[in-house]
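Understanding the architecture of this molecule
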Amino acid sequence: MTSAHRKPVRVGVFGLLGSGNLGNDGSLEAVLGYLRAEHPEAVVDALCGGPEAVTARFRIPATRLHWNRAEYRTASRAGAIAAKGLGKLVDAVRTAAWVRRHDVVIVPGMGVLEATLPLRPWGFPYALFLLCASGRLLRTRVALVSVGAAEIRSRPTRALVRWSARLAAYRSYRDAPSRDAMRAMGVDTARDEVYPDLAFALPTPPAGTRPAGAPPDPPGPVCLGVMDFHGGNDDRARAEEIHRRYLDGTIRFVRTLVEEGRPVRLLTGDACDAPVVAAVLDAVDSPLVTAAEPASLADLMTEMAAADTVVAVRYHNLVCALKTGTPVLALCYATKSAALMAEMGLGAHCHPAREVDADRLLEQFRELEKRSTELRRTLAERNLAAARRLEHQFTALTAALFPTADHAHAHAHAHALREAP
């Protein structure tokens, strides 16, 4: 069949996309950029959490992930519980029907194989299992691309995640601890590679520059990425205590910066973080404290590129700071954050999110600022390395998922050589 008559490859993208999480949508943006650059013939659509938002922003058709629109709300009444149960059966049929229409399904990044934040097994882990099982049964290649993973204690969630990974046709991870976690949970990872997070493939806004010989600027703005943080799956019993300690420590930190005359810009990474922004603004009544309303990782990077320093909790807030080359202090709630910071040369600049100590946080912040020039050089080097690794990721993805595209390219190249004078 000639390339002119070859049937276009049908690609699905899957996940909690369009649901208000900027990191998830940034991962989708990176994969769509790859598909449009390397496989422009592909016909792409999504099965996702927020289909209206995905279609509006990315201009691709999208279908709702769950039949039951109240899937992620707690069900207490008998009718709501029955609707959830029925939804599980309906979703099995809907997912299989959607998968059948595709040659390839890509799960773009995200922490889909972890439970570092509160997670019920019959929510997203079940949806991912349906996807991967349908892919295996219907011979549609499912790829988990540069995803995050962590060991899971809950037996039902652990089993669903383990089988999802086993049934996928392709797996790669965003850090070595993710691959180690899947190996520990019984998945053969011998052929699985580790690459940087997909957000490192996104364009970076230009950083502000000072003319040569200009006097040093006074201390500039600090970006503070906040999170509606209550601990993880194993912290449910002390969730409120963890949240209160995190919020109190954050407010004390902001107050001290304001007393020193530093502008503080509050940033979020998910729509659910808005109450934390409101609490900080209410507690620290100062014109020096303002809040941004980022709608994308590009918006976050624009804010962070203009800052002297970033302090952040959410993983993709950290990624954005690192990618812009801005020194960042990480409030870590999971291994993934510490691994990311170490990979980018800032492993010494981490603070436990579950046990925020405002005094220690301020000490670490000042230590970070003293090393700012050195760390900016380190980040420039590490970002170049990350970009090269992601080029390898996309090359490997093409080889695994689009083998006919490679063969067609090789055939066309050989034909051109034969025709050359």
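None of these values were measured; they are calculated from a predicted model. (Residues numbered from 1 in each chain as written. Predicted model: local features only at pLDDT ≥ 70, side-chain atom pairs only at ≥ 80, totals over all residues. Heavy atoms only, no water.)

**Examining the packing of aromatic side chains**
Our working definition: Any pair of Phe, Tyr and Trp rings, taking the six-membered ring for Trp, is counted once the centres come within 6.5 Å. Such a pair is stacked with planes under 30 degrees apart, edge-to-face with planes over 60 apart, and tilted for the rest. The helix count covers DSSP runs of H or I at least four residues long, the strand count covers runs of E at least two residues long, and both are numbered beginning at the N terminus. Relative accessibility thresholds used throughout: buried, under 20% of the residue-type maximum; exposed, over 50%; partly exposed, between the two (1.4 Å probe, protein chains only). A ring is considered to have a charge above it if a Lys NZ or an Arg CZ atom is located within 6 Å of its centre and within 35 degrees of its normal.
Tallying each qualifying case throughout the model produces six aromatic pairs. When the ring of Tyr34 is compared with that of Phe394, the centres are 4.7 Å apart and the planes differ by 10°; the resulting orientation is stacked. Of this pair, Tyr34 sits in helix α1 (residues 22-38) while Phe394 sits in helix α13 (residues 372-401), placing them 360 residues apart in sequence. Residue class for Tyr34 comes out buried when judged on its relative accessible area of 4%. Their ring planes at 65° and their centres at 5.8 Å tell us that Trp122 and Tyr126 sit as a pair that is edge-to-face. Among the residues examined, Trp122 registers a relative accessible area of 48% and is labelled partly exposed. A relative accessible area of 14% means that Tyr126 is categorised as buried. Taking the ring centre of Trp163 as reference, the NZ or CZ of Arg166 above it sits at 5.0 Å. The ring of Tyr315 is capped by Arg174, whose NZ or CZ atom sits 4.2 Å from the centre of that ring.

**Observations concerning the pairing of strand β12 (residues 328-332)**
As a reminder of what qualifies: Here, any two strands with at least 2 DSSP bridges between them count as paired. Note on handedness: a clockwise path from strand one over the helix to strand two, with the strands aimed away from the viewer, defines a right-handed crossover.
Summarising burial for β12: five of the five residues are buried, a large majority. Residues Val328, Ala330 and Cys332 of β12 are buried on one face, and the alternating residues Leu329 and Leu331, pointing to the opposite face, are buried as well. Sheet analysis places strand β11 (residues 309-312) next to β12, joined by three bridges and oriented parallel. Counterpart to Ala312 in the pairing with β12 is Ala330. In this view, the connection linking β11 to its parallel neighbour β12 by way of helix α10 (residues 315-323) has right-handed handedness. The sheet contact formed by β12 and strand β13 (residues 350-352) spans three bridges and is parallel.

**A word on unusual backbone geometry**
Residues other than glycine seldom take positive phi values, yet Arg59 does so here, at roughly 60°. The topology assignment puts Arg59 in the loop between α2 (51-58) and β3 (62-64). In this model, Ser146 sits at a positive phi of 50°, which is unusual for a non-glycine residue. You can see Ser146 is positioned in strand β5 (residues 141-147).

**Some points on the sheet that holds strand β4 (residues 104-108)**
Here is the rule we go by: Any pair of residues with heavy atoms lying within 4.5 Å of one another is described as a contacting pair. What counts as an axis is a line fitted to C-alpha atoms, over the stretch in contact for a helix, and the angles between N-to-C directions run from 0 to 180 degrees.
Read from one edge of the open sheet, seven strands run β3-β2-β1-β4-β5-β6-β7, paired in parallel fashion. At either margin of the open sheet sits one strand with a lone partner, and together these are β3 and β7 (193-194). Across six bridges, strand β1 (residues 10-15) lies against strand β2 (residues 43-48) in parallel orientation. Across the sheet, the residue bridging to Val13 is Ala46, located in β2. In this fold α1 packs onto β1, β2 and β4, with an angle of close to 140° to the strand it touches most, β4.

**A look at the packing of α10 against helix α11 (residues 335-343)**
The test is simple: When describing relative orientation, an angle under 35 degrees is termed roughly parallel and one over 145 degrees roughly antiparallel, while 65 to 115 degrees is termed roughly perpendicular and anything else oblique. Under the grouping applied here, Gly and all other residues not named as nonpolar or charged are polar, the nonpolar ones being Ala, Val, Leu, Ile, Met, Phe, Trp, Tyr, Cys and Pro and the charged ones Asp, Glu, Lys and Arg.
It is the contact of α10 with α11, at a shortest axis distance of 10 Å, that shows an interaxial angle of 10°. As summarised for this structure, α10 and α11 are arranged roughly parallel, according to the angle between their axes. In this structure, α10 contributes Tyr315, Leu318, Val319 and Leu322 to the contact, and α11 contributes Lys336, Ser337, Leu340 and Met341. A breakdown of the residues in the contact of α10 with α11 according to their chemical character gives six nonpolar, one polar and one charged.

**Examining helix α9 (residues 297-305)**
This is how it is decided: The reported arc concerns the directions from the helix axis to the C-beta atoms and nothing else.
Among the residues of α9, those classed as buried are Leu297, Leu300, Met301, Met304 and Ala305. Seen end-on, α9 carries its buried residues on one side only, within an arc spanning 130°. Buried positions along α9 lie against α1, β8 (222-225), β9 (264-267), β11 and α10.

**Some points on the environment of Val105**
Relative to the assigned elements, Val105 resides in strand β4. Sequence-wise, Val105 and Thr140 are 35 residues apart; in three dimensions their C-alpha atoms are separated by 7.2 Å. Setting aside its immediate chain neighbours within four residues, Val105 contacts Gly12, Phe14, Trp98, Leu131, Thr140, Arg141, Val142 and Ala143.

**Remarks on the confidence of the model for the protein chain**
Note the following rule: Per residue, pLDDT captures the predictor's confidence, and it can take any value from 0 to 100.
In the predicted model, the protein chain carries a mean pLDDT of 90, and 87% of its residues have values of at least 70. Confidence over residues 209-215 falls short of pLDDT 50; this stretch has three contacts with residues more than four positions distant or in other chains. A low-confidence stretch, residues 405-421 stays under pLDDT 50, and its non-local contacts, those more than four residues away or across chains, total four contacts.

**Things to note about the sheet that holds β8**
Read from one edge of the open sheet, six strands run β10-β9-β8-β11-β12-β13, paired in parallel fashion. Either end of the sheet is taken by a strand with one partner, and the two such strands are β10 (289-291) and β13. The mean angle between the axes of side-by-side strands here comes to 20°, regardless of whether they run parallel or antiparallel. Lying on the sheet, α10 is in contact with β8, β9, β11 and β12; it crosses β12 at an angle near 165°. In the packing of helix α12 (residues 358-370) onto the sheet, the strands contacted are β8, β11, β12 and β13, and the crossing angle to β12 comes to about 150°.

**Focus: the pattern of salt bridges**
As a reminder of what qualifies: Whenever a carboxyl oxygen of Asp or Glu lies within 4 Å of a side-chain nitrogen of Lys or Arg, that contact is scored as a salt bridge.
All told, the structure shown has 21 salt bridges when counted by the stated rule. The shortest N-O distance in the salt bridge between Glu52 and Arg64 comes to 3.0 Å. With Glu52 in helix α2 and Arg64 in strand β3, this residue pair connects regions lying 12 residues apart in the sequence. Arg354 serves as the salt-bridge partner of Asp235, at 2.7 Å between the closest nitrogen and oxygen. Of this pair, Asp235 sits in the loop between β8 and α7 (239-259) while Arg354 sits in the loop between β13 and α12, placing them 119 residues apart in sequence. Residue classification places Asp235 among the buried residues on the basis of a relative accessible area of 11%. Among the residues examined, Arg354 registers a relative accessible area of 21% and is labelled partly exposed. Taken together, the shared-partner salt bridges connect Glu114, Arg174, Asp197 and Lys336 into one network.

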